[in-house]
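Here are the chains, one letter per residue:
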Amino acid sequence: QVQLVESGGGLVQAGGSLRLTCAASGRAFMPYSMAWFRQASGKEREFVAAISWGGSTYYADSVKGRFTISRDKAKNTVYLQMNSLKPEDTAAYYCAASFGVDGIRLSRPNVHPYWGQGTQVTVSS
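Residues numbered from 1 in each chain as written. Predicted model: local features only at pLDDT ≥ 70, side-chain atom pairs only at ≥ 80, totals over all residues. Heavy atoms only, no water.

Enquirer: Before we go on, may I ask you to explain the sheet that holds strand β7 (residues 67-72) in this structure?
Expert: The pairing of strands in a sheet happens through backbone hydrogen bonds and is either parallel or antiparallel. If you trace the four strands from one edge of the open sheet to the other, you get β1-β3-β8-β7, paired in antiparallel fashion. A single partner strand is all that each edge strand has here, and the edge strands are β1 (2-7) and β7. For this sheet, the mean angle separating the axes of adjacent strands, direction not counted, is 15°. (Pairing = 2+ DSSP bridges. Helix = DSSP H or I, 4+ residues; strand = E, 2+ residues; numbered from the N terminus. Axes fitted to C-alpha atoms, helices over the stretch in contact; angles between N-to-C directions.)

Take a look at the structure:
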């Protein structure tokens, strides 16, 4: 089993920055890929960014150039640095993990069996 705990959400003005953190515990020594998804009120969950065990990164077009995903394998932690935030970035952000999945498939929610509880990001205009 893998447990994921997100933190770092909050309220920020448009143009500001936040860094989300996802700490993983449980199968710590198994290679896994990580991803961030978000879900705005009344909308479907959507892909934000992903990083494979080998370090390849993938981004949704809406966040390219503004968000950066990274990981610290020693700490079993993945980060999402969010810059130039916009009101449309407002959503609950979820961390997800999967094993044996790589490439653009990481953008699909159904390939990730493990999910965190989410952290709210609100961007005011």
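Picking up after the structure, the text goes on.
Enquirer: Explain the environment of Asp89 to me, please; I cannot follow it from the model alone.
Expert: With respect to the secondary-structure elements, Asp89 resides in the loop between β8 (77-82) and β9 (91-98). On the accessibility criterion, Asp89 (1% relative accessible area) is buried. Sequence separation between Asp89 and Arg38 is 51 residues; the distance between their C-alpha atoms is 8.6 Å. If sequence neighbours within four positions are ignored, Asp89 has contacts with Arg38, Arg66, Phe67, Ser84, Val121 and Val123. In this structure the side chain of Asp89 is engaged in a polar contact, spanning 2.8 Å, whose partner is the backbone nitrogen of Lys86. (Buried < 20%, exposed > 50% of the residue type's maximum accessible area, 1.4 Å probe, protein only. Contact = heavy atoms within 4.5 Å. Polar contact = N/O pair within 3.5 Å; in protein donor to acceptor, adjacent residues only side chain to side chain.)

Enquirer: Help me out: how do you make sense of the packing of aromatic side chains in this one?
Expert: When we look at a pair of aromatic rings, we describe it by the centre distance and by the angle of the planes. This model, assessed by the stated rule, comprises five aromatic pairs. Judged by centre distance (5.9 Å) and plane angle (75°), the ring pair of Tyr32 and Phe99 falls under edge-to-face. Here Tyr32, found in the loop between β3 (18-26) and β4 (33-39), pairs with Phe99, found in the loop between β9 and β10 (114-115); they are 67 residues apart in sequence, far enough to count as distant. Plain terms: the ring middles of Phe99 and Tyr114 are 5.9 Å apart, the flat faces sit at 85° to each other, and that makes the pair edge-to-face. Of this pair, Phe99 sits in the loop between β9 and β10 while Tyr114 sits in strand β10, placing them 15 residues apart in sequence. Here the aromatic residues Tyr32, Trp53, Phe99 and Tyr114 are joined through ring pairs into a cluster of three or more. (Phe/Tyr/Trp six-rings, centres within 6.5 Å; stacked < 30°, edge-to-face > 60°.)

Enquirer: I'm lost on the pairing of β8 in this one. Help?
Expert: On any regular strand, side chains alternate: one points to one face of the sheet, the next to the other face. Of all six residues making up β8, five are buried, and the element is well covered by its neighbours. Relative to β8, β3 runs antiparallel, the two being bridged by six bridges. For Arg19, the partnering residue across the bridge sits in β8 and is Gln81. With six bridges connecting them, β7 and β8 associate as antiparallel partners. Bridged to Asp72 within β8 is Thr77.

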